[in-house]
Amino acid sequence: KVLCLSCLRKKMKTKTWKLPKPEKVNGEWEWLPLVRIGRFLPFGYRQDPNDSDILLPIPEELELFEQAKKHLNQYSYREVSAWLSEISGRYISHVGLFKRVKIEQKRKGAASIQRFYAERYKEAAEKAEKLESNRLGKRRKVGEGSGSS
């Protein structure tokens, strides 16, 4: 059922709107621990009780976060953050959700650029090696061997 934007906002005020229920993903993702950089714990991670510099993943929250990113195509950050907070039981503001999504997009873009340049450098190195293997290793002056006196 599709609602107009004004109807959706009215439902938002009365808290009667609902996003689709999250789908259970059984072991589809393998989440890895992170090194803690800032003072805040990112959504989907908890502090390791043995080491305060390590963040342990919470798979259920991370899977919900992945679904929340898909919902952003259809709903606002405010609505998705309210849904995510309600379903997961852990609060995340719309600004926190926005920052988290933008940081992931920025990192994904940077990684893509690095892969692109790595491939270009690999091709350039192969071409340089091919050119160097065709040479005898000597230099010659311009005009040498042309018969000019």
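Cut-offs and rules
- Residues numbered from 1 in each chain as written.
- Predicted model: local features only at pLDDT ≥ 70, side-chain atom pairs only at ≥ 80, totals over all residues.
- Heavy atoms only, no water.
- Core = buried A, V, L, I, M, F, W, Y, C linked by side-chain atoms within 4.5 Å.
- Buried < 20%, exposed > 50% of the residue type's maximum accessible area, 1.4 Å probe, protein only.
- Contact = heavy atoms within 4.5 Å.
- Pairing = 2+ DSSP bridges.
- Helix = DSSP H or I, 4+ residues; strand = E, 2+ residues; numbered from the N terminus.

S.K.: Report on the nonpolar core, specifying residues and quantitative values.
M.R.: Among soluble globular proteins, nonpolar side chains are generally buried collectively. Counting 12 residues, the largest nonpolar core is built from F43, L64, F65, A68, L72, Y75, V80, W83, L84, I92, L97 and V101. When near neighbours in sequence (up to four residues on either side) are disregarded, F43 contacts E61, L62, F65, L84, S88, R90, Y91, I92 and R100.

S.K.: Any chance you could break down the sheet that holds strand β1 (residues 34–35) for me, citing the residues and the numbers?
M.R.: Strand order in the open sheet formed by 3 strands is β1-β3-β2, with antiparallel pairing between adjacent strands. Strands with a single pairing partner mark the edges of an open sheet, and in this sheet they are β1 and β2 (45–47).

S.K.: Provide a residue-level description of the side chain of S85, including the pertinent values.
M.R.: Note on placement: S85 falls in helix α3 (residues 77–88). We classify S85 as buried; its relative accessible area is 15%. Among all residues touching S85, those that are not within four sequence positions of it are R90, Y91 and I92.

S.K.: Residues and numbers for the pairing of strand β3 (residues 54–57), please.
M.R.: The pairing of β1 with β3 spans 2 bridges and is classified as antiparallel. Paired with L34 across the strands is L55, a residue of β3. Here 3 bridges tie β2 to β3, and the two strands are oriented antiparallel to one another. Paired with R46 across the two strands is L56, which belongs to β3. Hairpin connection between β2 and β3: a loop of 6 residues separates the two successive antiparallel strands.

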